[in-house]
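Given next are the chains, with one letter for each unit.
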Amino acid sequence: QVQLVESGGGLVQAGGSLRLSCAASGRTFSSYSMGWFRQAPEKEREFVAAIRWSGIISYADSVKGRFTISRDNANNTVYLQMNSLEPEDTAVYYCAGGSPRLLATVQGYDYWGQGTQVTVSS
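Residues numbered from 1 in each chain as written. Predicted model: local features only at pLDDT ≥ 70, side-chain atom pairs only at ≥ 80, totals over all residues. Heavy atoms only, no water.

Moving on to the side chain of Glu6. In this structure, Glu6 sits in strand 1 (residues 4-7). In this structure, Glu6 is buried with no salt-bridge partner, the nearest side chain bearing the opposite charge being Arg45 at 7.5 Å. From its side chain, Glu6 meets the backbone nitrogen of Cys95 in a polar contact 2.8 Å long. Apart from the residues within four sequence positions on either side, Glu6 is in contact with Ser21, Cys22, Trp36, Tyr93, Tyr94, Cys95, Gly113, Gln114, Gly115 and Thr116. (Helix = DSSP H or I, 4+ residues; strand = E, 2+ residues; numbered from the N terminus. Buried < 20%, exposed > 50% of the residue type's maximum accessible area, 1.4 Å probe, protein only. Lys, Arg positive; Asp, Glu negative; His and termini not counted. Salt bridge = Lys/Arg side-chain N within 4 Å of Asp/Glu carboxyl O. Polar contact = N/O pair within 3.5 Å; in protein donor to acceptor, adjacent residues only side chain to side chain. Contact = heavy atoms within 4.5 Å.)

This is the structure:
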């Protein structure tokens, strides 16, 4: 069993930056792929970024060049550095863990955090 707790969300002006953190419990963290997803009001949850245990990384096209995902296996933590934020990035951001065949699929992840709100004002 893995528990995930996100932190680092908040209110920021367009063009600003935030860094999200996801702390995981459990001894098998390093063997899981870890992902970030987001969900805006009245929209489906969508893929943002993910990183495999091997270090392979994938990003949604909408965040490439602006967001960076990283993981610290020694501290069971995954990060999402978000730069050049846009109002369209406003959403609840969720951390996820699992062994998905495809990193961008919501259904591929077994464990989810409660989410952290990110609001970008124009």
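The phi dihedral of Glu42 is positive, around 65°, even though this residue is not glycine. With respect to the helices and strands, the residue Glu42 is situated in the loop between strand 4 (33-39) and strand 5 (46-51). Of note, the phi angle at Ser84 is positive, near 50°, even though the residue is not glycine. Relative to the helices and strands, Ser84 is located in the loop between strand 8 (77-82) and strand 9 (91-98).

Scanning the entire structure with this criterion turns up 5 aromatic pairs. Judged by centre distance (5.2 Å) and plane angle (75°), the ring pair of Phe37 and Tyr109 falls under edge-to-face. Of this pair, Phe37 sits in strand 4 while Tyr109 sits in strand 10 (residues 109-112), and the two are 72 residues apart along the sequence. Members of the aromatic cluster, connected to one another through ring pairs, are Phe37, Phe47, Tyr109 and Trp112. When the ring centre of Trp112 is taken as reference, the NZ or CZ atom of Arg45 above it lies at 4.9 Å. Above the ring of Phe29, the side-chain terminus of Arg71 is found at 4.8 Å from the ring centroid. (Phe/Tyr/Trp six-rings, centres within 6.5 Å; stacked < 30°, edge-to-face > 60°. Lys NZ or Arg CZ within 6 Å of the ring centre and 35° of its normal.)

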